[in-house]
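Coordinate inspection notes
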Amino acid sequence: MASPSSLFGAFISTLRTVAGDIGVILLLVGAPVLYGFFYPWFYTEEVVQRVPVAVVQQDGSGLARQMMRFASASPRIDVVLTTGDEREAREALLRGDVMGYALLPPDLKRHVVRSESTPVPVYANGAYPLAAKQVQYGFAEAFGTVSAGVELRRLGASGQSKLQAASSRSPVNLQMEAMFNPTEGYGSFVVAAVAILILQQTLLMGSALLVGTWREQGQAAAPPRVWLGRLLALCTLGWLSGLYYFGWMFVWHDFPRGGNPWGALLLLAVFVPAVAGLGALIGWWLADRERAMQALLFTSIPLAFMGGFSWPAEALPTILQWLRWLSPSTAAIKASLQLNQLGAPVVAALFPLSVLLSLALVGWLAMLWVGKVNRGQMT
């Protein structure tokens, strides 16, 4: 049997300690599994559909009714209110009954017949950007289709054939396709980045909780080989969680993935040690099991904003633009999106990978030094 003071013995002892500590095992094993299983469910639909809208119909022509039919057929929007009073539609928007409305102005058809410019205003609730986007796109597609039909009929009346009219109206066909997120879904955008933050926070809190417990019990003083074994045990659990996310969660929910699998594995190889070293240092510094949880529990949202995916990093104060790189998640999110989602070569992610490697080296060396000095003081 390996001695607890050897590297392998410390490795096995740490895994046994984790297995016997319900709080630590829930953070290091339970939380990543549960988050990976349930969190993406909230974004299963990917895109918002059938957003409730209103149409203010102030023109009773056949053209206006055709525009209404096309709007009602759009999968993006659901016309739940038709009225001739714009104030009624605006009040419904303020109450939250609808997320937007379109105004079909009086004499709409007369202006169209005269080939006059006829704007059709569309108003959307900007407090909900995803719903507002669907409102605008839904009305734009519906009314654009009607407008195209009117223009084709006008060109046909001038003597052009159907093919000539179609060519005259659209000489260059435009086909748009979103790269790396074909569905343009919100889940594919946000989960890929938040997954890295989940991996960090669970490992960070679990490591700090465990080391804080050792400090309370007087077990933090240990030679470097023991701390190497402890850190490797924490990394093993972190690597397994990372493989679970990259190898199963993204596949199960069909998120963009696998662009550069070897690069993604390299990312995990440097990201997990950086987090484990930081968590161990925080746990040693706080020296209290509960205090470690209290200090780290509410850092997720600030770190998400500083990660640069939900809020532009350039909009942060200058000091935060620098300090954010002290969190491994900042570099890991950037590298993960490049390697796992975009399929970039490793050379394109050298900077964030170098940051993670530097954080890992500094964290481990600091932890080994702290454990050795603390042990010298104890003896």
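Every value quoted in this text rests on a predicted model; they were computed, and no experiment measured them.

1. With respect to the packing of aromatic side chains
Throughout the structure, instances matching the rule amount to 16 aromatic pairs. On the numbers, 5.4 Å between centres and 85 degrees between planes, the contact of phenylalanine 38 with tryptophan 41 is edge-to-face. Classification of phenylalanine 38 by relative accessible area gives partly exposed; the value is 41%. By the ring-pair criterion, three or more aromatic residues cluster together here, those being Phe37, Phe38, Trp41, Tyr244, Tyr245, Trp248 and Trp252. Across the ring face of tryptophan 284, the terminal group of arginine 215 is positioned such that the distance to the ring centre comes to 4.4 Å. Above the face of the tryptophan 214 ring, arginine 230 is positioned so that its terminal group lies 4.1 Å from the ring centre.

2. Digging into the nonpolar core
One finds Trp227, Tyr245, Phe246, Phe250, Leu267 and Phe271 to be the most contacted residues of the largest nonpolar core, which totals 71 residues. With 18 residues, helix 8 (residues 186–217) is the single largest residue contributor to this core. Not counting chain neighbours up to four residues away, the residues in contact with tyrosine 245 comprise Pro32, Tyr35, Gly36, Ala195, Ile198, Leu199 and Phe250. Listed in part, the 21 residues of the second largest apolar core include Ala64, Met67, Val79 and Leu104.

3. What to know about helix 11 (residues 289–297)
Among the residues of helix 11, those classed as buried are Arg289, Ala292 and Leu296. Down the axis of helix 11, the smallest arc covering the buried residues is 60 degrees, so these residues share one side. Residues of helix 11 that are buried sit in contact with helix 2 (22–38), helix 8 and helix 10 (261–286). At the N-terminal end of helix 11, a side-chain oxygen is found 3.1 Å from the backbone nitrogen of glutamate 290, two or three residues along, and the residue is aspartate 288.

Quick notes on the rules
Residues numbered from 1 in each chain as written. Predicted model: local features only at pLDDT ≥ 70, side-chain atom pairs only at ≥ 80, totals over all residues. Heavy atoms only, no water. Phe/Tyr/Trp six-rings, centres within 6.5 Å; stacked < 30°, edge-to-face > 60°. Buried < 20%, exposed > 50% of the residue type's maximum accessible area, 1.4 Å probe, protein only. Lys NZ or Arg CZ within 6 Å of the ring centre and 35° of its normal. Core = buried A, V, L, I, M, F, W, Y, C linked by side-chain atoms within 4.5 Å. Helix = DSSP H or I, 4+ residues; strand = E, 2+ residues; numbered from the N terminus. Contact = heavy atoms within 4.5 Å. Arc of directions from axis to C-beta. Polar contact = N/O pair within 3.5 Å; in protein donor to acceptor, adjacent residues only side chain to side chain.

From the geometry alone we can't say anything about function, so treat these as descriptive.
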